[in-house]
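The residues making up each chain are set out below.
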Amino acid sequence: MAYLEMQGITKLYPTSGVLANDAVDLTVEKKEIHAIIGENGAGKSTLMKLLYGLERPDAGEIRFRGEKAVIKDPLAANRLGIGMVHQHFKLVPNFTVAENVVLASEPMKKGLFIDRQTAIRDVGKVIEEHGFSIDPKRRVQDLTVGQMQQVEIVKMLYRNAELLILDEPTSVLTEQEIERLFETLRSLIERDRTILLITHKLEEVMRMSDRVTVMRKGRVVADRETAQVDKQELSRLMVGKDILLEVHRAPKTPGEPVLELQDITISVRGQERPLLDKVSFQVRGGEIVGIAGVGGNGLAEVEDVIGGLRRTTSGKVILHGEDVTCLSPGQLREVGLAYVPADRLQRGASLPTSVRENCIVTKHHDFLRAGVLKGRSIREFTKRLIEHFSIDAAEGMRAGNLSGGNIQKMILARELAADTDFILFSEPTWGLDIASSQFVYERMLELRERGAGVLLISSNLDEIMGLADIILVMYRGRVVGRLENAEALSKQTIGEYMLGLRDDSPCEPIASEVRRG
Amino acid sequence: MIPRASPSPQRSAVDKRRAAHLLSSSTGLALTIGIAFAIVVILILILSNEPGRAIYYFFIGPFTKAYYFGNMLNQSIPLILTGLGIAVAFRSSTFNLGGEGQAYAGALAATVILLAMPTMPGIVGIMTAVVGAVVIGAFLAGLSGFFNMRWGTDTLISSFLISAAVILVVDYFVTGPLDDPASSMMRTRAIAEQFRFLRIYAPSKLDVSIFFAAALAIGTYFFMQRTHWGYEMRMCGINREFSRYAGIHVGKYLVVPMAISGGFHGLAGSVTLMGTHYSCLKGVTMGIGWNGIAVALIAKNNPIAVIPAALFFAYLDAGARAAMLHSDVTVELAKIGQAVIFFLVTAQALYGLYNSRKKKVAA
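Rules behind the numbers
Residues numbered from 1 in each chain as written. Chains lettered and ligands numbered in written order. Predicted model: local features only at pLDDT ≥ 70, side-chain atom pairs only at ≥ 80, totals over all residues. Helix = DSSP H or I, 4+ residues; strand = E, 2+ residues; numbered from the N terminus. Buried ≥ 20, exposed ≤ 12 C-beta atoms within 10 Å, placed from the backbone. Contact = placed C-beta atoms within 7 Å. Expected span 1.5 Å × (residues − 1). Pairing = 2+ DSSP bridges. Axes fitted to C-alpha atoms, helices over the stretch in contact; angles between N-to-C directions. Domains from an automatic or database assignment. pLDDT = per-residue confidence, 0-100. Left-handed = near helix turned anticlockwise from the far one by under 90°. Nonpolar A, V, L, I, M, F, W, Y, C, P; charged D, E, K, R; others polar. Core = buried A, V, L, I, M, F, W, Y, C linked by C-beta atoms within 7 Å. Parallel < 35°, antiparallel > 145°, perpendicular 65-115°, else oblique.

Before going further, it helps to examine the overall build of chain A. Regarding its fold elements, chain A presents 17 helices and 24 strands. The principal-axis extents of the C-alpha atoms in chain A amount to approximately 75 × 50 × 45 Å. Relative to its full complement of 517 residues, chain A shows a buried share of 47%. Partitioning the intrachain contacts of chain A with sequence separation of at least 6 by distance along the chain shows that 68% fall at a separation of at least 24.

Here it is as structure tokens:
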């Protein structure tokens, strides 16, 4: 009997229609470090949320230590001995280490007062036992990020967790801190603990884990002994086989550059690594440039910079020959920017308002007579868009009542109506069904045909390979590969760039190779 | 992830949720008012020796005499104006809690202007006083908006604090330099005859400004729904991220709605002065700022609905006054009723806010 068995776990998010886990099976043995890898949206975090009681599965069974377990909330998980260290720590900054650790299970004095001395002593004992080096009396706000993570681990150990789930534990750590963490995990295994490690970093999987489960699109695609796979195979499993999209991309000679990024850098105070590191590229008229990458490697930042929603530390953005680095989103739109954002529910649309009001937001200045909106022409304009893009909606309907695909069509309709020579698409088909995706692809190809420059930011490799003329790959805030999309290019190659196994960028210093270990 | 194309059950679920929300909000309002009335009745039963009479006058009193009825309408005028001010601010997701100070400062500004130039023709004086009051109110509230745009200061806190200080400053002027030595009350001298609003329903204090207040409510509705500024303000209020993305100057709309809101409060102060009191008493506008918040919340920030909401609030007050005159209860009864409503309505509104935030975090 395995230590932990999850069988047929299925989870559907009804609001977005996304099947995050589709009959997932997972078996974990006692005292192993079991890695779960997959791209963003592969379903690994959802699976862990189900195990930790943050979400309830729609179907499937969890057996823990041979017994069927119904985990209805994190407290129930704690009682069973399951603990989770979240990617974003859940600590109270102005509480001490000990106070944070005992929070919600404080030792009491006379049933009324918190017994601080006991708390400090007990927490100190856990810290000592596991060889950590944090003072239980210090305030959490004074700790380093690595130490905060230790506090989270101590918190779970204090609650006698035997199975620890670590969600992307290394994403915020420095190299030395990562080393420390690995030592900690090893010593935990020696103390009969079992560890589930969620990550998308192959390096860590290879170094740390005994077993690895690969997830893709909500399913488990492989379950292997780490010793029997190599990085190339894992990367291939993560990204999947080449799927040809049913799109026809006619050859076309690109025209003049419409958008150019020159050495765009974003540094954040207190962070060693810049979010964007000298990102340079250009998009020419009549071509589709695709940016691929795993989430968290700078794709969202590139989107924000081009959309005018984020200030850069250095570098220049040039749109239609004009330096637009410091312009506001409104000014950018005047210069000629159309932009379909990744976050379509918060940024791309205003769900509580009508379709009409959503459609005119970027160009409502055109519908004014003496400061008053012209109701009839707005209605006509909206009706035209609805018809043209076959949106299943009425102009007065609340945008929030539309389906995901129709919301995206509405955004698309609005942005294309601006008729600009440059348009940015970020994750344009995320969560859409095949038909809606196809619709988006066709519009993009039409734009290319018309001679507009299209930038496609996407974590979906199939659509990038199906549509883009040039493929840029980002890793850790840098453009590590610039590839012509030719026959010879395989998904596997791109996957290797995405996961940092390949790097063409000239400014790659040797030091960073060392840092990555 | 595997997307599922199933829009229809999804949509009906959304519709159902929306209907449930509507239902709960309107039953919630009825419940609120019901509880307030129930508490008033219970208090009367406890406190009064002639509860039947007190209850009769509380509920029916305001309609029994022209004097009561007219005064009730008159009382609703400043409430309509402050309610509109709050509705505009809340619609834009800026929070003006400084209405008291803004209205009081408006009343003082109007007084100073009219006392300084007692020989001006009526309409010129009134216009000047109104402009002065609106400007000072808009300035005080706009300041909070500006701080928010510049440094991210919470308008909720800053508008309240500024207002709290302003009230003391106005108190100083009313009881100090501008105090009328001839009066035993703490008040300024009275404004000249030609500046006083025309009374239209003798013997009550109801004056012609009620028509202007009602017209302003309709105008505000039009402004918010149909004009360029109103549209941008609403969009910013609903979703700032979306508005910024679409190119709307979101910083501006942290200041503009606050300034408009303050302007309405200043106006309310000056209208009370020229329509009802004729001289600036210490605390002349007390209550209209806070009650404006309750009025706007009851009206769900809809400018048209502000009119009935303000009338309802004035009715509570008028009922208590009538009950006081014809039986043995005191006017505090209405205050308790209003306080209960204020409490429940605010709780309801905050609960909605809390829920929407929770949903956002969960998503």
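The next thing to look at is the overall build of chain B. Secondary structure summary: chain B contains 13 helices and one strand in total. The order of α-helices and β-strands along chain B, N terminus first, is β-α-α-α-α-α-α-α-α-α-α-α-α-α. Evaluated residue by residue, chain B yields a buried proportion of 50% over its 363 residues. Residue pairs at least 24 apart in sequence account for 77% of intrachain contacts in chain B once pairs closer than 6 positions are excluded.

We now examine helix α10 (residues 252-277) of chain B. Residues and elements named next belong to chain B. When the terminal C-alpha atoms of α10 are compared, their 36 Å separation across 26 residues agrees well with the 38 Å that a helix rising 1.5 Å per residue should span. Within α10, 24 of the 26 residues are buried, which leaves it mostly tucked inside the rest of the structure. Tyr-278 lies just past α10 and shows a positive phi near 70 degrees.

Our next topic: unusual backbone geometry. The omega torsion of the bond from Ala-202 of chain B to Pro-203 of chain B falls at 5 degrees, within 30 degrees of zero and hence cis. With respect to the helices and strands, the residue Pro-203 of chain B is situated in the loop between α6 (155-175) and α7 (209-226). With a phi close to 55 degrees, Asp-419 of chain A is a non-glycine residue in the positive phi region. We note that Glu-427 of chain A has phi near 40 degrees; this positive angle belongs to a residue other than glycine. The topology assignment puts Glu-427 of chain A in the loop between β21 (422-426) and α14 (434-450). A count of 24 C-beta atoms within 10 Å places Glu-427 of chain A in the buried class.

Before going further, it helps to spend a moment on the sheet that holds strand β24 (residues 478-484) of chain A. Residue and element names in this part refer to chain A. Pairing within the open sheet is mixed, and its six strands lie in the order β18-β21-β22-β15-β23-β24. Pairing within the sheet leaves two strands with one partner each, and these edge strands are β18 (338-340) and β24. Between one strand axis and the next, the sheet turns by 15 degrees as a mean value, whatever way the strands run. Note that strand β15 (residues 288-292) and strand β22 (residues 453-457) share four bridges and pair parallel. Following the sheet pairing, Gly-290 is matched in β22 by Leu-456. Across the sheet, helix α16 (residues 491-498) is in contact with β15, β23 (470-475) and β24; its angle to β23 comes to roughly 35 degrees.

Glancing now at the domain arrangement of chain A. Taken domain by domain, chain A holds domain 1 (4-239), domain 2 (257-337 + 420-515) and domain 3 (351-399 + 407-417). On a C-alpha basis, the centres of domain 1 of chain A and domain 3 of chain A stand 46 Å from each other.

Residue and element names in this part refer to chain A. Its 14 residues give helix α5 (residues 145-158) an end-to-end C-alpha distance of 20 Å, which sits within 8% of 20 Å, the value for a rise of 1.5 Å per residue. Along α5, the residues classified as buried are Gln-149, Gln-150, Val-151, Glu-152, Ile-153, Val-154, Lys-155, Met-156 and Leu-157. At the exit of α5 stands Asn-160, carrying a positive phi of roughly 60 degrees.

Hydrogen bonds between backbone groups are what pair the strands of a sheet, and the pairing can be parallel or antiparallel. Residues and elements named next belong to chain A. Pairing in this open sheet of four strands is antiparallel, and the strands run β14-β13-β16-β17 from one edge to the other. A strand with exactly one partner marks an edge of an open sheet, and here the two such strands are β14 (276-284) and β17 (322-323). Relative to strand β16 (residues 314-319), strand β13 (residues 257-266) is paired through five bridges, and the arrangement is antiparallel. Across the sheet, residue Thr-265 finds its bridge partner in β16, namely Ser-314. Packing against the sheet, helix α9 (residues 299-306) makes contact with β13, β14 and β16, and its axis sits at approximately 60 degrees to β14.

The next point concerns the confidence of the model for chain B. Residues and elements named next belong to chain B. This prediction gives chain B a mean pLDDT of 85; 88% of its residues lie at or above 70. Here residues 1-14 is a poorly scored stretch, pLDDT under 50, and it has 28 contacts once near neighbours within four places are set aside; other chains count. Within the model, pLDDT remains below 50 along residues 357-363, and this stretch shows zero contacts once partners closer than five positions in the same chain are excluded. In the predicted assembly, ipTM is 0.77 and pTM is 0.74.

Here we come to the confidence of the model for chain A. The pLDDT averaged across chain A works out to 86; a share of 94% of its residues lies at or above 70. In this model residues 508-517 of chain A is a low-confidence stretch, pLDDT under 50, and it forms six contacts with partners more than four residues away in sequence or in other chains.

Residues and elements named next belong to chain B. At a minimum axis separation of 8 Å, helix α4 (residues 99-116) and helix α5 (residues 122-151) run at an interaxial angle of 145 degrees. In this structure, the crossing between α4 and α5 has a hand that is right-handed. Of the residues in α5, those touching α4 at Gly-101, Gln-102, Ala-105, Gly-106, Ala-109, Ala-110, Ile-113 and Leu-114 are Gly-125, Thr-128, Ala-129, Gly-132, Ala-133, Ile-136, Gly-137, Leu-140 and Ala-141. Its residues assigned to classes, the contact of α4 with α5 comprises 10 nonpolar, seven polar and no charged.

Turning our eyes to something else, we now look at the pairing of strand β11 (residues 211-216) of chain A. Residues and elements named next belong to chain A. With five of its six residues buried, β11 lies for the most part within the structure. As paired strands, strand β3 (residues 33-37) and β11 are joined by four bridges and run parallel to one another. Bridging across to β11, Ile-36 finds its partner in Thr-213. Bridge analysis of β11 against strand β12 (residues 219-225) gives six bridges, and the strand direction is antiparallel. Looking at the pairing, Thr-213 lines up with Asp-223 of β12. Between β11 and β12, which pair antiparallel one after the other, the connecting turn spans two residues, and Lys-217 there sits at a positive phi close to 50 degrees.

Nonpolar side chains tend to gather and get buried jointly when the protein is soluble and globular. Leu-51, Met-410, Leu-456 and Val-473 of chain A together with Ile-80, Val-295 and Val-306 of chain B are the most contacted members of the largest nonpolar core, which has 240 residues in total. With 13 residues, α10 of chain B is the largest single contributor of residues to this core. If sequence neighbours within four positions are ignored, Val-473 of chain A has contacts with Ala-292, Gly-293, Val-480, Gly-481, Ile-494, Tyr-497 and Met-498 of chain A.

A word on the environment of Asn-406 of chain A. All names here are of chain A. Summarising the element assignment, Asn-406 is placed in helix α13 (residues 404-417). The class of Asn-406 is buried, set by 22 C-beta atoms lying within 10 Å. Aside from chain neighbours lying at most four places away, what touches Asn-406 is Ile-391, Asp-392 and Ala-393.

Moving on: the pairing of β22 of chain A. Of all five residues in β22 of chain A, five are buried; the element is thus mostly enclosed. Side-chain alternation along β22 of chain A places Gly-453, Leu-455 and Ile-457 of chain A on one buried face and Val-454 and Leu-456 of chain A on a second face that is also buried.

Let us look at the packing of α7 of chain B against helix α8 (residues 228-238) of chain B. The description of two packed helices rests on the angle between their axes and on the distance between the axes. Residues and elements named next belong to chain B. Their axes nearest at 5 Å, the elements α7 and α8 cross at an angle of 70 degrees. As judged from the angle between their axes, α7 and α8 are roughly perpendicular. Contact with α7, carried on its side by Phe-223, Met-224, Gln-225 and Arg-226, involves Gly-230, Met-233 and Arg-234 of α8 and no other residues of that element. Residues belonging to the contact of α7 with α8 are distributed by class as follows: three nonpolar, two polar and two charged.

Before going further, it helps to spend a moment on the environment of Val-239 of chain A. Residue and element names in this part refer to chain A. Here Val-239 shows up in helix α8 (residues 231-239). Note on Val-239: 23 C-beta atoms within 10 Å, which makes it buried. Note: C-alpha distance between Val-239 and Thr-213 (26 residues apart in sequence) is 14 Å. The residues contacting Val-239, other than those within four sequence positions of it, are Leu-461, Lys-491 and Gly-495.

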